[in-house]
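Results of the structural survey
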Amino acid sequence: MRESLISIRRQIHKHPEYGFQEYETARLVAATLSELGMRVRCGVAKTGVVGELGTGTPVVAIRADMDALPIAEATGLAFASNVPNMMHACGHDAHVACALGAAMLLAKSSVHGTVRFLFQPSEEQKDEQGSSGAMRMIDEGALEDVAAIIALHTRGLPVGSIGVTAGPALAANDTIKITILGRAAHGAHPEEGIDAIAIAAQVISAIQQIVARRLPAHTPAVVSITTIHGGVKENVIAERVELGGTVRSTGGEARQRLLEELERALEVGTALGAICELSVFEGYPVTTNDSIVADSIRAVAREVVGPERVVDLPFDTWAEDFGYMTAQVPGAMFWLGVTSPHVPHPVWHSPSFDLDEDALPVGAAVLAASALRLLDACAADEISMR
């Protein structure tokens, strides 16, 4: 299958599409599933595709996300994105290829029950109504009767290896916007104004102390300020600065503590005379891997790639809207190793991101074998639907 999966991945990579706009990717997916004899439904969650193989219960789902990121590709690859300022910089093209590879394998297998393939739009962002692709697919019944669900994500592990996490696997995330309002003045007389840029520097410094000095060392958390906009002219003291960033936590009380500490950090700006406002836009929940599903994936991976190539990984502060799905039904996301001497240090969400395509058949095989193992486990009542 290797060459076929590479061809699929490169076709998707060359034609990246933004969230809820994955029309060409969806057509490719639907055509491939139809050729395999599956029942196919298009237009789910706007641009998603659902395919089914087999009949009856239990139902095990395989999910793959399809959207790209608004990043200008700088890899120089022969199959690099031909869409300006858009590329697959997170491996979703590989996720789709692996899931289609699993479909090819399972179409030749004896399936006792139903395997449902969920090709999901818009994992990276929410729409105008505040819904991501996973949320919309759930709303439109994609998880109906599903007893277990699995997915994979590319990771900085050697090709041929699989990472497994049991329990909380990926963080809850929130987007933050901070507005600092000072008072404009002539640049020659800063004492007549309230310098929003200088105050923003103090606020950012206070924010950087939250994880390092305000939280216990055993609490996984990230607060990153990633955008700053302010000022209108070189000789004008800035009246307004806007900061943007992301907060990653284990959810619940840990999340609330972080937001409280952010409010406390803004008091630095207030003390210096500015008006500081924090807006929080709730992101995705924690992705929690069901222990039985994770154990099944681990056992299968040891058979497929060998026990020495299966590693247990801890909680990571990446975030995924797959967490909405694992909150509904028992599920787990595993990690697919994609590094090699050819691609030694990929950086996710960067213009230079790439991966070693030898990983594609590995991901396909582990997805397919895990689905079969989970069908048996569900039939034996080892996994209970929520």
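Everything discussed here concerns the structure shown above.
Residues numbered from 1 in each chain as written. Predicted model: local features only at pLDDT ≥ 70, side-chain atom pairs only at ≥ 80, totals over all residues. Heavy atoms only, no water.

There is about 920 Å³ of room inside the largest pocket. Surrounding the largest pocket, 32 residues form its lining, E124, N173, T246, R248 and H349 being those nearest its centre. Elements that contribute at least two residues to the lining of the largest pocket include exactly β8 (172–181), β10 (222–230), β12 (240–249) and β13 (275–282). Looking at the lining of the largest pocket residue by residue, the class counts come to 11 nonpolar, 14 polar and 7 charged. (1 Å grid on protein atoms, 1.4 Å probe; cavity = no way out; pocket = protein on both sides within 12 Å on 5 of 7 lines; lining within 4 Å. Points joined across faces, edges and corners; volume = space filled by probe spheres on them. Helix = DSSP H or I, 4+ residues; strand = E, 2+ residues; numbered from the N terminus. Nonpolar A, V, L, I, M, F, W, Y, C, P; charged D, E, K, R; others polar.)

With that settled, consider the pairing of strand β5 (residues 146–158). Here is the key point about a regular strand: its side chains alternate between the two faces of the sheet. With 11 of 13 residues buried, β5 lies mostly within the body of the structure. In this sheet, strand β16 (residues 331–339) lies alongside β5 in parallel orientation, the contact comprising 8 bridges. Bridge pairing links I150 to A332 in β16. (Buried < 20%, exposed > 50% of the residue type's maximum accessible area, 1.4 Å probe, protein only. Pairing = 2+ DSSP bridges.)

Packing of helix α2 (residues 23–35) against helix α3 (residues 92–107) leaves a shortest axis separation of 10 Å and a crossing angle of 10°. Comparing their axes, α3 and α2 come out roughly parallel. Contact with α2, carried on its side by V29, T32 and L33, involves V96, L100, A103 and M104 of α3 and no other residues of that element. Split by residue class, the contact of α2 with α3 holds 6 nonpolar, 1 polar and no charged. (Axes fitted to C-alpha atoms, helices over the stretch in contact; angles between N-to-C directions. Parallel < 35°, antiparallel > 145°, perpendicular 65-115°, else oblique. Contact = heavy atoms within 4.5 Å.)

Here we come to the pattern of salt bridges. Overall, the coordinates contain 23 salt bridges when judged by the stated rule. Here R63 ties to D65 by a salt bridge, and the two come within 3.6 Å at their closest N and O atoms. There is no split in this pair, since R63 and D65 are both buried. Look at the salt bridges and you will find they share partners, linking R9, R10, D93, D354 and E357 into a network. (Salt bridge = Lys/Arg side-chain N within 4 Å of Asp/Glu carboxyl O.)

Moving on: the nonpolar core. Within the largest apolar cluster, 67 residues are counted, with the highest numbers of intra-cluster contacts made by I62, F117, F119 and I162. When residues of this core are assigned to their parent elements, the largest contribution, 12 residues, is made by helix α9 (residues 359–379). Look past the residues within four positions of F119 in its chain and what remains in contact with it is V29, L33, G48, V49, A64, M66, V96, A99, L100 and M137. The next biggest cluster of nonpolar side chains, apart from the first, holds 25 residues, and it includes L118, A142, Y284 and Y324. (Core = buried A, V, L, I, M, F, W, Y, C linked by side-chain atoms within 4.5 Å.)

Another point: the environment of V338. Along the polypeptide, V338 turns up in strand β16. Taking the relative accessible area as the measure of exposure, V338 reaches 1% and is therefore buried. Residues V338 and E357, spaced 19 residues apart in sequence, show a C-alpha to C-alpha distance of 7.3 Å. In this structure, V338 is in contact with T154, R155, L157, P158, V159, V343, W348, L355, D356 and A359, ignoring residues within four places of it in sequence.

A sheet is described by the order of its strands in space; here 4 strands give the open sequence β10-β12-β8-β13, paired in antiparallel fashion. Among the strands making up the open sheet, the edge pair consists of β10 and β13. Strand after strand, the sheet turns through a mean of 20° between neighbouring axes, direction not considered. Here 8 bridges tie β8 to β13, and the two strands are oriented antiparallel to one another. Bridging from a neighbouring strand, I178 pairs with L278 of β13. On top of the sheet, helix α5 (residues 196–214) reaches β8, β10 and β12; it is set at about 170° to β10, its chief contact. Along the sheet face, helix α6 (residues 252–271) touches β8, β10, β12 and β13 and points at about 160° away from the line of β13.

On to the packing of aromatic side chains. Under the defined criterion, the tally for this structure stands at 4 aromatic pairs. Note on Y284 and Y324: the rings are 5.8 Å apart at their centroids and 75° apart in plane angle, and the pair reads as edge-to-face. Here Y284 is found in the loop between β13 and β14 (287–289), whereas its partner Y324 is found in helix α8 (residues 322–326), with 40 residues between them in sequence. The pair Y284 / Y324 is uniform in exposure class, with both members buried. Centre to centre, the rings of W318 and W348 are 5.6 Å apart; their planes meet at 55°, and the pair counts as tilted. (Phe/Tyr/Trp six-rings, centres within 6.5 Å; stacked < 30°, edge-to-face > 60°.)

Let's shift gears to the sheet that holds strand β6 (residues 162–164). Read across the sheet, 8 strands follow the order β1-β2-β4-β3-β5-β16-β6-β15 without closing on themselves; strand pairing throughout is mixed. Every other strand in the sheet has two partners, leaving β1 (39–44) and β15 (310–312) as the edge strands with one partner each. Across this sheet, the average inter-strand angle for adjacent strands is 25°, counted without regard to direction. In the packing of α2 onto the sheet, the strands contacted are β1, β2 (48–54) and β4 (114–120), and the crossing angle to β2 comes to about 10°.

Inspection of the secondary structure puts A200 in helix α5. A200 sits in the buried class, given a relative accessible area of 0%. Sequence spacing of A200 and N82 is 118 residues, and the spatial spacing of their C-alpha atoms is 39 Å. Those residues in contact with A200 that sit more than four places away from it in its chain are I180 and V241.

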